[in-house]
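Coordinates in review
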Amino acid sequence: MALEIDGLAVLCAIAEAPEAFPAIRSDVTKAAHALVTKQLKAKTLDLAGLRAVRNALGPQPLALIVDGLKDAEVKALATRLDKHHPDLKDGPAVAHRRHLMALAADRDPVAPPAARAKPARGPIKAPGKGSAKGPEKGPGKGPETAKPASKASPEPAPAKARPPAGKPAPADALASAAMAARPPRRPRQQE
Amino acid sequence: MTGKRAQGQLVAVANMKGGVGKTTSVVMLADALAASGASVLVIDLDPQASASVCFAGDGVLAEMITAGRTLDYYLGLRIVDRDKAALPDFIRDYVSSTTHLGEPLPISLLASGPSLRVVEREIIYALTKRQYSMHAIEGHLWKLFQEDFAPLRDQYDYVLFDCAPGISPMTEVAIRASDLVVVACIADFLSTYGLKAFYETIWGVGSASESMLAPKRPPHVLITRWQNTKQHATTYATLQASAAAEGARFRLFKTRVPQSAALANALTLEYQTFANKYRDATRDLIGEVITPVVAELKEALDGA
């Protein structure tokens, strides 16, 4: 006798007969979000694991769930899976999301500096600062650097963030550049 | 991504009463429509410039005002000064910093500034000086709207008007000329009372004229800032009954927009993705509210 349900089998059964579960339709979406989010946040998730999630879900559902992660979570995951990428530490959140999705698809992470500095022929000379210049940029045979996944639309402007919670509010609550701005005089404007 | 419509739809979000969630509704609808792949233009008809600052941010809006790239400047040129000006030149594309699936939302903005109030007064003075009657002024604005604003349908899937509380002449034209008027309304006594006045002004007997036609459809009331209180429940039940009655004068969205901290936060520029803007640990506004509201909006526009 079974002591517990087979969760996967029950989830499959719900998915195959949603008409039998009308009262939980919105909960299913929430649960799906929560389950995949938990998997993405798992410390054990590696690149192969991320790609397996993408293969299982498809690119768009994964992108929607990645969009729902906090910026810091996406950055942490992207930098963990692509430790040596030169641009991830300072890039905008949208670049982290795009890079994570690119990694999930097929982009290779940037190789460690030592490996990339290894010359094609001849022995390595004495190590020095020159061998740790950081990853190469630009086109070439080396691993790709972060590029936008699509150039169909302009780069989004960085979030014009308000002071986050915890920071002091502006000294003048009425301060506003827009409300203080004045339109130029129209060419034929009357006094 | 949806395919580009042959002709976009004009939607006015309005109410004579202030503080009922018009701008919140516009921001929510614009974000949702754009996230579903539609191109959206938001036209801010309110001198408070609330929608403008929500999309552009204070700094960019200040630049637009200083450069004379706002609705008020355009109206001053076209009507008061009778200068040539092309409306698309005053529109800023990709103004939103919100992204969806790694791309910025395709939202454009025709911003307003505080000078809109002054320019609307200038328009009345200038046209009165030219011996225009009140009807002629209305007719002039109507003609301008049809010539300059209506063609924007060809460039955008949706044009959303964030109407000012009260009804300025330009706001009234936008309301009458739109394909659908969404009336944001709180389910309480004062807001519903204001709804009656608004209805009588725009849709009531004798409210239309040769110069200003009646709106194409009855108003569609969207309950905003919904709270599970007795007063809201009672008022909502009355609205439901009125909307369901034979010869009903308005339609009622089935979905109600809740009073929500997540929705209030969505008006700030803190969130970068559409998902993060409207979904948090406590609430999934996308699934519970936004998706059904957008579905109802499209259904109403399709004439169902």
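Cut-offs applied
- Residues numbered from 1 in each chain as written.
- Chains lettered and ligands numbered in written order.
- Predicted model: local features only at pLDDT ≥ 70, side-chain atom pairs only at ≥ 80, totals over all residues.
- Helix = DSSP H or I, 4+ residues; strand = E, 2+ residues; numbered from the N terminus.
- Buried ≥ 20, exposed ≤ 12 C-beta atoms within 10 Å, placed from the backbone.
- Contact = placed C-beta atoms within 7 Å.
- Pairing = 2+ DSSP bridges.
- Nonpolar A, V, L, I, M, F, W, Y, C, P; charged D, E, K, R; others polar.
- pLDDT = per-residue confidence, 0-100.

- An unreviewed UniProt entry annotates chain B as ParA family protein originating from Methylobacterium terricola.

1. Some points on the overall build of chain A
- Along chain A, the regular secondary structure elements total eight helices and zero strands.
- Of the regular secondary structure in chain A, the N- to C-terminal order runs α-α-α-α-α-α-α-α.
- Across the 191 residues of chain A, 18% fall into the buried class.
- The long-range share in chain A, meaning contacts at least 24 apart out of those at least 6 apart in sequence, stands at 61%.

2. A short note on the pairing of strand S2 (residues 40-44) of chain B
Residue and element names in this part refer to chain B.
- Along S2, five of the five residues are buried, which leaves the element largely enclosed by surrounding structure.
- Neither face of S2 is open: one carries Val40, Val42 and Asp44, the other Leu41 and Ile43, and all of them are buried.
- Across five bridges, the pairing between S2 and strand S6 (residues 158-162) is parallel. Within S6, the residue paired with isoleucine 43 across the bridge is phenylalanine 161.

3. Brief notes about the pairing of S6(B)
Residues and elements named next belong to chain B.
- For S6, a buried count of five out of five residues is recorded, marking the element as mostly surrounded by other parts of the structure.
- Of the two faces of S6, the one lined by Tyr158, Leu160 and Asp162 and the one lined by Val159 and Phe161 are each fully buried.
- The pairing of strand S1 (residues 9-14) with S6 spans five bridges and is classified as parallel. When the sheet's bridge partners are listed, leucine 10 is paired in S6 with valine 159.

4. What about the interface of chain A and chain B?
- Listed per partner, the contact involves 34 residues of chain A and 41 residues of chain B.
- Those elements that place two or more of their residues in the side of chain A that touches chain B are helix H2 (25-41), helix H4 (59-68), helix H6 (93-105) and helix H8 (177-180) of chain A.
- Partitioning the side of chain A that touches chain B into residue classes produces 18 nonpolar, seven polar and nine charged.

5. Describing unusual backbone geometry
Residue and element names in this part refer to chain B.
- A positive phi angle, close to 55°, is found at arginine 82, a residue other than glycine.
- Of the residues examined, arginine 82 has 10 C-beta atoms within 10 Å and is grouped as exposed.
- One non-glycine residue, tyrosine 94, lies in positive phi territory at about 45°.
- Relative to the assigned elements, tyrosine 94 resides in the loop between helix H3 (71-80) and strand S3 (99-100).

6. Quick notes on helix H6 (residues 169-177) of chain B
Residue and element names in this part refer to chain B.
- Most of H6 sits out of view: eight of its nine residues are buried.
- Along H6, the positions that sit buried rather than exposed are Met170, Thr171, Glu172, Val173, Ala174, Ile175, Arg176 and Ala177.
- Summarising the contacts, the buried residues of H6 are in contact with S1, helix H4 (115-129), helix H5 (134-149), S6, strand S7 (180-186) and helix H7 (189-202).

7. Quick look at the environment of Arg249(B)
All names here are of chain B.
- For arginine 249, the position within the fold is in the loop between helix H8 (230-244) and strand S9 (251-252).
- Taking the C-beta count within 10 Å as the criterion, arginine 249 has 14 such neighbours and is therefore assigned partly exposed.
- Each C-alpha atom of the pair arginine 249 and histidine 220 lies 9.5 Å from the other, and the pair is 29 residues apart in sequence.
- Not counting chain neighbours up to four residues away, the residues in contact with arginine 249 comprise Tyr199, Trp203 and Pro218.

8. As for the confidence of the model for chain B
- Looking at chain B, the pLDDT average stands at 91 and 96% of residues meet or exceed 70.
- Both scores are given for the predicted complex: the pTM is 0.83, the ipTM 0.76.

9. A look at the sheet that holds strand S5 (residues 107-110) of chain B
All names here are of chain B.
- If you walk across this open sheet you meet the seven strands as S5-S2-S6-S1-S7-S8-S9, and the pairing is parallel. What marks the edges here is a single partner per strand, and that holds for S5 and S9.
- With four bridges joining them, S2 and S5 adopt parallel strand pairing. Looking at S5, one finds that valine 40 is bridged to isoleucine 107.

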